[in-house]
Amino acid sequence: MKKLLLFGMMLMGEFSAWAGTAPAGSDIFTKDGYKAIVLDDGTVAITWNYNSGDVTIPSEVTDNAEPSTGTYQVSAVGNGYTVDNENKITNLTISEGIKSVGTSAFYGQSNIASLNLPSTLTEIGDYAFQNCTGLASIHSAATSVPSLGADVFKTDVIGKDWDYIGKYCVLYVPQGAASGYKEGTPWSYWNAFWYILEPATVTIGEDGYATYFNWYGYQLPVGVTAYSVTQGAEGKVTLQQVYSEGVEVAKSTGLVLKGAPNETYIFELQPFATAEAPAGNLLKGLHNAGTITAEEGNYNYYKLAKGDKGLGFYWGATEGGVFDLAANKAYLALPQTANSARYISLSEISTGILNVKTSNAKANEIYTISGMKVVKSLSSLPKGIYIVNGKKVVRK
C-alpha cells in the first residue's frame, strides 16, 4: 500500500509541473514575452515572441492571466511564429523538450547568427529558417536526425550568389552523429555547402603530454597548454609555449599538449579560425591516419612515445624515415645532421638545453647548460650541470 501511495504521489508530482487547465485552442500570454496556443494534448505551441537579442524558446510557460490557468509544457514552435518580430533575434536557442518547429517559424530572421536545437527535436517544417542569411553556426543536440520540410535553410534574397543559407555555416552535431546528418537524410543536401562537425577529443597520456594536429582551428580547452618545437643555434631544440587555455589555435598546427594525465578533453573545431601559426614550429601532423609526408631535403622524423629512455621523441622508423601515424597526431621533423639523434628527451627540450646532434655523437662530447661545447674532460671542469652525450650530468 505504501508503495502504491508513493507511486501515486510521484505521478501527481510529475503532472503538477504542467497543470494548465485552459481548453485546446486557448491563447496563453506569459509575463516573459511569449504567446502560446494550447494543443489537444494539453501542451502548447509558442506562437509569438516579444523578445529580442539572445532569445531562448522556453520548455514551459505560465499563463499570466488573473486568475492564471497554470503552467504548460512547450512541445512546439508554431507556424509563422516570428513573421512580425521585426527581425530582432540575434542568437536563438530552442529548449529541451520541444519536438517540432513549424512552417515559416523564423522566416526572414536575417540577424540570427547562431541556432541551438534540442536533442528532443524531431521535425522542422517548410521554410522554417528560409532567408536567415546571417546564420553562421547551428548546434544540434539531436542524435536522431530531425526531419526537414521543404527549403528549410534556403534563400531567395536578390543579389546572393548561392541559394542556401550560410555559405560559411558550421553545423555541430553530437559525437558519432555526423554520418547520419551527412548521408541519406534531407540534411545531406547541406553537406555540400556546410561544415558538419562532431566535437573533437584529445586524451593526454599518463605522463601529462600528448601531440595533436587538426586541419581546423579550435579553442584550447581549459586546463591545457600547447607548445611548439623549435630549433635554434647549434642545433638546440626547445619546447616553447605558444597557446594557453581558452586561446584560439591556428589551423593545421602540430602541437605538444600538456594537461592532466589520462584526461580526455572535448572541444569544438573552428573551420574559419584566423589565428596565426607559431613561427619556426617543427611539429607537423596528420588529420587522417596514414603515412607522414616527407619534407623536401633531408629530415629525420620522430613521434612522441614513452620508450626505454623515458618520454620523448623517438625515430618512428629505421634511419629516421617516414612512418604511419594515427589521425590527429603530430610528429617532429628535424633536418638531418652527421650525428642526428635517435631520441630526444621531452624533459630536456622543455629546458631548452638539448643539442640534438649529441645524442648519437662520439663519447664524452660535453656542453655547458647554455649549449657551449667544452673541450676539457668532465673531471677537470668546475662543479655544475653539464650535457654529456645528450644527457644532463651533475659535476660535484
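Here the structure is a predicted model, which means the values were calculated and not measured.

Draft legend 1. Main features of the overall build of the protein. Scanning the protein for helices and strands turns up three helices and 35 strands. Nonlocal contacts in the protein, meaning residues at least 24 apart in sequence, comprise 59% of its contacts between residues at least 6 apart. As presented, the protein carries roughly 19,600 Å² of accessible surface, and 52% of it is formed by carbon and sulfur atoms.

Draft legend 2. Representation of the sheet that holds strand β14 (residues 195-197). On the basis of which strands lie adjacent, the open sheet formed by six strands has the order β4-β7-β9-β11-β13-β14 and parallel pairing. Across the chains shown, the open sheet's two edge strands, defined by having one partner strand only, are β4 (53-57) and β14. Shown here is a sheet whose adjacent strand axes are inclined to one another by a mean of 15°, direction ignored. Two elements, β4 and strand β7 (residues 89-94), share five bridges in a ladder whose sense is parallel. Bridging across to β7, D54 finds its partner in N91.

Draft legend 3. Seen up close, the pattern of salt bridges. Scanning the model with the defined rule gives two salt bridges in all. Its salt-bridge partner being E206, residue K306 comes within 3.4 Å of it at the nearest N-O pair. A residue pair is termed long-range when its members are at least 10 positions apart, and K306 in strand β26 (residues 299-307) and E206 in the loop between β15 (200-203) and β16 (209-212) qualify at 100 residues. Classification of E206 by relative accessible area gives exposed; the value is 53%. In this structure, the salt-bridge partner of K306 is D207, at a minimum N-O distance of 3.5 Å. Here K306, found in strand β26, pairs with D207, found in the loop between β15 and β16; they are 99 residues apart in sequence, far enough to count as distant.

Draft legend 4. Geometry of the sheet that holds strand β17 (residues 217-219). Pairing is antiparallel across the open sheet formed by three strands, whose spatial order is β20-β17-β23. Of all strands in the sheet, those with a lone pairing partner are β20 (248-249) and β23 (269-270), marking the two edges. In this structure, β17 lies alongside β23, joined through two bridges in antiparallel fashion. Bridging across to β23, G217 finds its partner in Q270.

Draft legend 5. Seen up close, the side chain of S228. Within the secondary structure, S228 is located in strand β18 (residues 225-231). The exposure class assigned to S228 is buried, which follows from its relative accessible area of 1%. With sequence-adjacent residues up to four places away left out, S228 is seen in contact with T238, L239, Q240, V242, L255, P278, N281 and L283.

Draft legend 6. The packing of aromatic side chains, seen in detail. In the structure shown here, the tally under the stated rule is 14 aromatic pairs. Judged by centre distance (5.3 Å) and plane angle (85°), the rings of Y195 and F272 are edge-to-face. Of this pair, Y195 sits in strand β14 while F272 sits in the loop between β23 and β24 (283-286), and the two are 77 residues apart along the sequence. A residue is classified by how much of its surface remains accessible, and Y195, at 31% relative accessible area, is partly exposed. A centroid spacing of 5.5 Å and a plane angle of 80° characterise the contact between Y212 and F267, whose relative ring orientation is edge-to-face. Pair noted here: Y212 is in strand β16 and F267 is in strand β22 (residues 264-267), with a separation of 55 residues, a long-range link. The exposure classification of Y212 matches that of F267, with both residues buried. Of the aromatic side chains, those joined through ring pairs into one cluster are F106, F129, F153, Y181, W187 and W194. Sitting over the face of the ring of F323, K303 holds its NZ or CZ atom 5.9 Å from the ring centroid.

Draft legend 7. Focus on the environment of A128. Assignment of secondary structure puts A128 in the loop between β10 (123-124) and β11 (137-140). A sequence separation of 23 residues divides A128 from A105, and the C-alpha atoms of the two residues are 4.8 Å apart. Setting aside its immediate chain neighbours within four residues, A128 contacts V101, G102, S104, A105, F106, Y107 and V152.

Draft legend 8. Region of interest: the environment of K154. Summarising the element assignment, K154 is placed in the loop between β12 (147-148) and β13 (170-172). Overall, K154 belongs to the partly exposed group, its relative accessible area being 22%. The spacing of K154 and Y127 is 27 residues in sequence and 7.6 Å in space, taken between C-alpha atoms.

Draft legend 9. Seen up close, the nonpolar core. In terms of nonpolar packing, the biggest core is built from 45 residues, with I57, L92, V101, F106, I124, F129 and F153 touching the most fellow members. Elements represented by at least two residues in this core include exactly β2 (34-38), β3 (44-49), β4, β6 (71-77), β7, β9 (114-117) and α2 (178-182).

Draft legend 10. View of unusual backbone geometry. For the bond from E66 to P67, the omega torsion is -5°, close enough to zero to count as cis. One can find P67 in the loop between β5 (60-62) and β6. With phi around 55°, S104 is a residue other than glycine that occupies positive phi space. Inspection of the secondary structure puts S104 in the loop between β8 (100-101) and β9. Phi is positive for N131, which is not a glycine, with a value near 65°. Mapped onto the secondary structure, N131 falls in the loop between β10 and β11. Given the relative accessible area of 8%, N131 is considered buried.

Draft legend 11. Just the confidence of the model for the protein, in detail. Of the residues in the protein, 80% have a pLDDT of 70 or more, and the chain-wide mean is 83. Here residues 1-16 scores under 50 on pLDDT; set against residues more than four positions off or in separate chains, the count is zero contacts. Every residue in residues 352-363 is under pLDDT 50, and counting partners more than four places away or in other chains gives 46 contacts.

About the cut-offs
Residues numbered from 1 in each chain as written. Predicted model: local features only at pLDDT ≥ 70, side-chain atom pairs only at ≥ 80, totals over all residues. Heavy atoms only, no water. Helix = DSSP H or I, 4+ residues; strand = E, 2+ residues; numbered from the N terminus. Contact = heavy atoms within 4.5 Å. Areas by Shrake-Rupley, 256 points an atom, 1.4 Å probe, with all protein chains shown as cover. Pairing = 2+ DSSP bridges. Axes fitted to C-alpha atoms, helices over the stretch in contact; angles between N-to-C directions. Salt bridge = Lys/Arg side-chain N within 4 Å of Asp/Glu carboxyl O. Buried < 20%, exposed > 50% of the residue type's maximum accessible area, 1.4 Å probe, protein only. Phe/Tyr/Trp six-rings, centres within 6.5 Å; stacked < 30°, edge-to-face > 60°. Lys NZ or Arg CZ within 6 Å of the ring centre and 35° of its normal. Core = buried A, V, L, I, M, F, W, Y, C linked by side-chain atoms within 4.5 Å. pLDDT = per-residue confidence, 0-100.

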